[in-house]
Amino acid sequence: MIIAIDGPAASGKGTLGRRLAEHYGFAHLDTGLLYRAVARVLMDRGIPLTERDAAAEVARNLDVGHLEDDARLRGAAMGESASVVSAYQPVRDALLAFQRQFGAKEPGAVLDGRDIGTVVCPDADVKLFITATPEERARRRHRELLGRGEQAEYETILVDIRRRDERDMNRSTAPLKAAADAMTLDTTHLDADGAFQAALDLVESRRASMTRA
Ligand code: DC
């Protein structure tokens, strides 16, 4: 059983993915971390993000099963850099097999990202597309950063989110978009628990129709 979750930056898809995986006892992969890890290696080696061939080489050699997961990897700067390298087709190609293998885990897997329902797992049993307005996503990110004691400006975060949406949706390779058979969940007016309950209801409705079929 595969649950594919896609959506824009800061839409809450990662949290939803983790909670759904816990609920069903499935494995969970936040695929954004793979692109973030590629960006991190390039930055650590002082290689410009515009070096496509170097980015592809890093992606091919990435130890995908053992990513060092820390605050820097999950930070806003790495998200922005990940968005740049993720637009390169050879980088995406290098990371595809691992994601597909992960999707085959038993008894099931939840993968979240931008192209899970469209490219990585087009035959996923359940596909969710999580959205919220850019303003609401910026508000959430702002609250989260302030809560961690970090300095953050709402307006700057909003500009960053809009730029990332623009890049992720308009790239030529695997752009962010809902799969034709995805169920869209707009979480703008939902809190975290409300979003989880709504997502769970959607997954259950799809599972019920699968057993009837
Ligand atoms: O979900 P995230 O913020 O960690 O993702 C960081 C960037 O990685 C995102 O802006 C685009 C890219 N990405 C992608 O292209 N495909 C995915 N499946 C996941 C992330």
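You'll find the structure just up there.
Just so you know, these numbers come straight off a predicted model, no measurement behind them. (Residues numbered from 1 in each chain as written. Predicted model: local features only at pLDDT ≥ 70, side-chain atom pairs only at ≥ 80, totals over all residues. Heavy atoms only, no water.)

### Here's the deal with helix α10 (residues 192-212)
One turn of the α-helix equals 3.6 residues, which is why residues spaced by three or four share an orientation.
At step 1: For α10, spanning 21 residues, the distance from its first C-alpha to its last is 30 Å, which sits close to the expected 30 Å at 1.5 Å a residue.
At step 2: In this structure, the buried side of α10 is in contact with β1 (2-6), α1 (13-24), β4 (126-131) and β5 (183-186). (Helix = DSSP H or I, 4+ residues; strand = E, 2+ residues; numbered from the N terminus. Expected span 1.5 Å × (residues − 1). Contact = heavy atoms within 4.5 Å.)

### Observations regarding the pattern of salt bridges
At step 1: All told, the structure shown has 21 salt bridges when counted by the stated rule.
At step 2: Glu136 is the salt-bridge partner of Arg139, the closest N and O atoms lying 3.1 Å from each other. Of this pair, Arg139 and Glu136 both sit in helix α8 (residues 134-147), 3 residues apart, which is roughly one turn of the helix.
At step 3: Relative accessible area serves as the criterion here: at 37%, Arg139 is assigned to the partly exposed category.
At step 4: Accessibility expressed as a relative area gives 11% for Glu136, which makes it buried.
At step 5: The salt bridge partner of Arg207 is Glu204, with a shortest N-O separation of 3.4 Å. You can see Arg207 and its partner Glu204 sitting in helix α10, 3 residues apart, about one turn around the helix.
At step 6: With relative accessibility at 29%, the residue Arg207 sits in the partly exposed group.
At step 7: Residue classification places Glu204 among the partly exposed residues on the basis of a relative accessible area of 35%. (Salt bridge = Lys/Arg side-chain N within 4 Å of Asp/Glu carboxyl O. Buried < 20%, exposed > 50% of the residue type's maximum accessible area, 1.4 Å probe, protein only.)

### Re the site of the ligand
At step 1: Arg36, Arg92, Arg164, Asp168 and Arg171 are the nearest of the 16 residues found near the ligand.
At step 2: The protein chains hide 96% of the 450 Å² of surface that the ligand would expose on its own.
At step 3: For the shell around the ligand, the secondary structure elements donating two or more residues are α2 (32-44), α5 (76-85) and α9 (154-170).
At step 4: Split by residue class, the shell around the ligand holds 2 nonpolar, 6 polar and 8 charged. (Near = heavy atom within 4 Å. Areas by Shrake-Rupley, 256 points an atom, 1.4 Å probe, with all protein chains shown as cover. Nonpolar A, V, L, I, M, F, W, Y, C, P; charged D, E, K, R; others polar.)

### Here's the deal with unusual backbone geometry
At step 1: Across the junction of Glu106 and Pro107, the peptide omega takes the value 0°, indicating a cis bond.
At step 2: Despite not being glycine, Ala10 shows a phi value in the positive range, around 60°.
At step 3: Within the secondary structure, Ala10 sits in the loop between β1 and α1.
At step 4: Among the residues examined, Ala10 registers a relative accessible area of 17% and is labelled buried.
At step 5: For Ala174, which is not glycine, the phi torsion reads 45° and is therefore positive.
At step 6: Note on placement: Ala174 falls in the loop between α9 and β5.
At step 7: By relative accessible area, which is 15% here, Ala174 ends up buried.

### Quick look at the sheet that holds strand β2 (residues 27-30)
At step 1: If you trace the 5 strands from one edge of the open sheet to the other, you get β2-β3-β1-β4-β5, paired in parallel fashion. Looking at strand neighbours, the two that pair on one side only are β2 and β5, the edges of this open sheet. This sheet shows a mean twist of 20° between the axes of neighbouring strands, independent of strand direction.
At step 2: As paired strands, β1 and strand β3 (residues 109-113) are joined by 5 bridges and run parallel to one another. The partner of Ile2 across the bridge, within β3, is Ala109.
At step 3: Of the strands in this sheet, β1, β2 and β3 are in contact with helix α6 (residues 89-103), which crosses β3 at around 145°. (Pairing = 2+ DSSP bridges. Axes fitted to C-alpha atoms, helices over the stretch in contact; angles between N-to-C directions.)

### Some details on the packing of helix α3 (residues 52-61) against α6
At step 1: As a packed pair, α3 and α6 sit with axes 8 Å apart at the nearest point and diverge in direction by 5°. As summarised for this structure, α3 and α6 are arranged roughly parallel, according to the angle between their axes. Contacts from Ala55, Ala56, Ala59 and Arg60 of α3 reach α6 at Pro90, Val91, Ala94 and Leu95.
At step 2: Here the contact of α3 with α6 is composed, by residue class, of 7 nonpolar, no polar and 1 charged. (Parallel < 35°, antiparallel > 145°, perpendicular 65-115°, else oblique.)

None of the figures reported here should be taken as evidence of function without further support.
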